[in-house]
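Examining the three-dimensional arrangement
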Amino acid sequence: MNSKKRMSMRFYQNLGKLFYAIAAADGKVRVEEFAQLKKLVRDQWLVVDAIDDSFDVDATDQMEVVFDNLRATDELDATTCYDEFVHYKNKKPHLFTDEVKKLIIKTASSIAHAFAGINKAELIMLARLDIELKKA
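Residues numbered from 1 in each chain as written. Predicted model: local features only at pLDDT ≥ 70, side-chain atom pairs only at ≥ 80, totals over all residues. Heavy atoms only, no water.

**A few points about the side chain of Thr60**
Structurally, Thr60 is set in the loop between α3 (49–54) and α4 (61–73). Under the relative-accessibility criterion, Thr60 is labelled buried at 2%. The residues contacting Thr60, other than those within four sequence positions of it, are Tyr12, Val41, Trp45 and Leu46. (Helix = DSSP H or I, 4+ residues; strand = E, 2+ residues; numbered from the N terminus. Buried < 20%, exposed > 50% of the residue type's maximum accessible area, 1.4 Å probe, protein only. Contact = heavy atoms within 4.5 Å.)

**Here's the deal with the pattern of salt bridges**
All told, the structure shown has nine salt bridges when counted by the stated rule. We note a salt bridge from Glu132 to Lys89, for which the minimum N-O separation is 3.2 Å. In this pair, Glu132 sits in helix α7 (residues 120–134) while Lys89 sits in helix α5 (residues 78–91), placing the two residues 43 residues apart along the sequence. Judged by relative accessible area, which is 6%, Lys89 ranks as buried. (Salt bridge = Lys/Arg side-chain N within 4 Å of Asp/Glu carboxyl O.)

**Focus: unusual backbone geometry**
Located in the positive-phi region is Ala116, a residue other than glycine, with phi close to 55 degrees. With respect to the helices and strands, the residue Ala116 is situated in the loop between α6 (98–113) and α7. With a relative accessible area of 72%, Ala116 lands in the exposed category.

**Brief notes about the packing of helix α2 (residues 31–43) against α4**
Helix packing geometry: the angle between the two helix axes and the distance between the axes. At a minimum axis distance of 10 Å, the contact between α2 and α4 shows a crossing angle of 170 degrees. Here α2 lies roughly antiparallel to α4, going by the angle between them. Contacts from Val31, Glu33, Phe34, Leu37, Lys38 and Val41 of α2 reach α4 at Met63, Glu64, Phe67, Asp68 and Arg71. Residue composition of the contact of α2 with α4, by class: six nonpolar, no polar and five charged. (Axes fitted to C-alpha atoms, helices over the stretch in contact; angles between N-to-C directions. Parallel < 35°, antiparallel > 145°, perpendicular 65-115°, else oblique. Nonpolar A, V, L, I, M, F, W, Y, C, P; charged D, E, K, R; others polar.)

It is worth stressing that arrangement in space is one thing and function is another; only the former is reported here.
Now the structure itself:
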């Protein structure tokens, strides 16, 4: 596996952790939240030029795979997944272009709104994410 492929896999795997963290912030991950992620991967993530130029498109599937595995095993909590994403983001800041950051916020917000609107726990995590992504 070449380094470009490894980087793209890790990038998308960490996004999967982040999106799981948003869904799990309230202590329960719902089918609607996973369905929303799948829709956004298909409709939004595959067509972003910056990502297509830098990564293998197949790698976007890793967001769904990681999210679904975390949902099925319930091994990691929302805070751990969020912290792992932030750690990765801080190690690889060059991957987080303005366009990617906007899409991350859009996806996270859509997942949070997917079931009965946004709740306090999700709102807090979204605010933390927004602040984190605005850091230089």
